[in-house]
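# Structural characterization, general
Chain residues, written in single-letter form:
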Amino acid sequence: MSWLLLIIGGLFEVAFASCLGKAKETAGAESVYWMIGFLLSLTTSMFLLYKATQELPIGTAYAVWTGIGAVGTVLVGIFVFKEPATFWRLFFIVTLIASIIGLKFVSSH
């Protein structure tokens, strides 16, 4: 169950980073709504990370949580914000995914 909470928390990390990107692109009330989404996503993500660390080692949980957030945010950047999808960006995203999977397999929980 703690791995599921951690994965969901990582997805909320992607959401809060994406909300920041949208808030930057907008103005006025729309920007405020994106910032509210940022705060809600941030709070949810941190709470789920906290719950996951009740059973998982903090080092593993934090690395996986940030890895999910980093990979997801790069992918959102590429597909939503039209950031470049160069060979090296994709190569290092793949190595990060492999590292996240490796941490899951070597974790004692």
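What counts as what
- Residues numbered from 1 in each chain as written.
- Predicted model: local features only at pLDDT ≥ 70, side-chain atom pairs only at ≥ 80, totals over all residues.
- Heavy atoms only, no water.
- Helix = DSSP H or I, 4+ residues; strand = E, 2+ residues; numbered from the N terminus.
- Buried < 20%, exposed > 50% of the residue type's maximum accessible area, 1.4 Å probe, protein only.
- Phe/Tyr/Trp six-rings, centres within 6.5 Å; stacked < 30°, edge-to-face > 60°.
- Axes fitted to C-alpha atoms, helices over the stretch in contact; angles between N-to-C directions.
- Parallel < 35°, antiparallel > 145°, perpendicular 65-115°, else oblique.
- Left-handed = near helix turned anticlockwise from the far one by under 90°.
- Contact = heavy atoms within 4.5 Å.
- Nonpolar A, V, L, I, M, F, W, Y, C, P; charged D, E, K, R; others polar.
- Core = buried A, V, L, I, M, F, W, Y, C linked by side-chain atoms within 4.5 Å.

Summarising the element assignment, Leu-39 is placed in helix 2 (residues 28-52). Residue classification places Leu-39 among the partly exposed residues on the basis of a relative accessible area of 47%. In this structure the C-alpha to C-alpha distance between Leu-39 and Cys-19, which are 20 residues apart in sequence, comes to 9.0 Å.

Our next topic: the packing of aromatic side chains. A complete count under the given rule lists 8 aromatic pairs for this structure. A ring pair is formed by Phe-47 and Tyr-50, whose centres lie 6.5 Å apart and whose planes are at 40°; its orientation type is tilted. On the criterion of helical spacing, the pair formed by Phe-47 and Tyr-50 is a turn pair, its members being 3 residues apart in helix 2. Between the aromatic rings of Phe-87 and Phe-91, the centroid separation amounts to 6.0 Å while the plane-to-plane angle is 20°, which identifies the pairing as stacked. Residue Phe-87 and its partner Phe-91 are both found in helix 4 (residues 87-106); the two are separated by 4 residues, about one turn of the helix. With a relative accessible area of 56%, Phe-87 lands in the exposed category.

Axis separation between helix 3 (residues 58-79) and helix 4 bottoms out at 10 Å; the angle between their running directions is 150°. Comparing the axis directions of helix 3 and helix 4 gives the class roughly antiparallel. Judged by the sense of rotation from one axis to the other, the crossing of helix 3 with helix 4 is left-handed. The residues of helix 4 that touch helix 3, namely those facing Thr-60, Ala-63, Val-64, Gly-67, Ile-68, Ala-70, Val-71, Val-74 and Ile-78, are Arg-89, Leu-90, Ile-93, Leu-96, Ile-97, Ile-100 and Leu-103. When grouped by side-chain class, the residues that make up the contact of helix 3 with helix 4 number 13 nonpolar, 2 polar and 1 charged.

What follows concerns the nonpolar core. In this structure, Trp-3, Leu-6, Leu-49, Leu-56, Ala-61 and Val-64 are the most contacted members of the largest nonpolar core, which totals 14 residues. Residue assignment for this core shows that the elements contributing at least two residues are helix 1 (2-25), helix 2, helix 3 and helix 4. Residues contacting Leu-6, with those up to four places away along its chain left out, are Leu-49, Ala-52, Leu-56, Ala-61, Val-64, Trp-65 and Ile-68.

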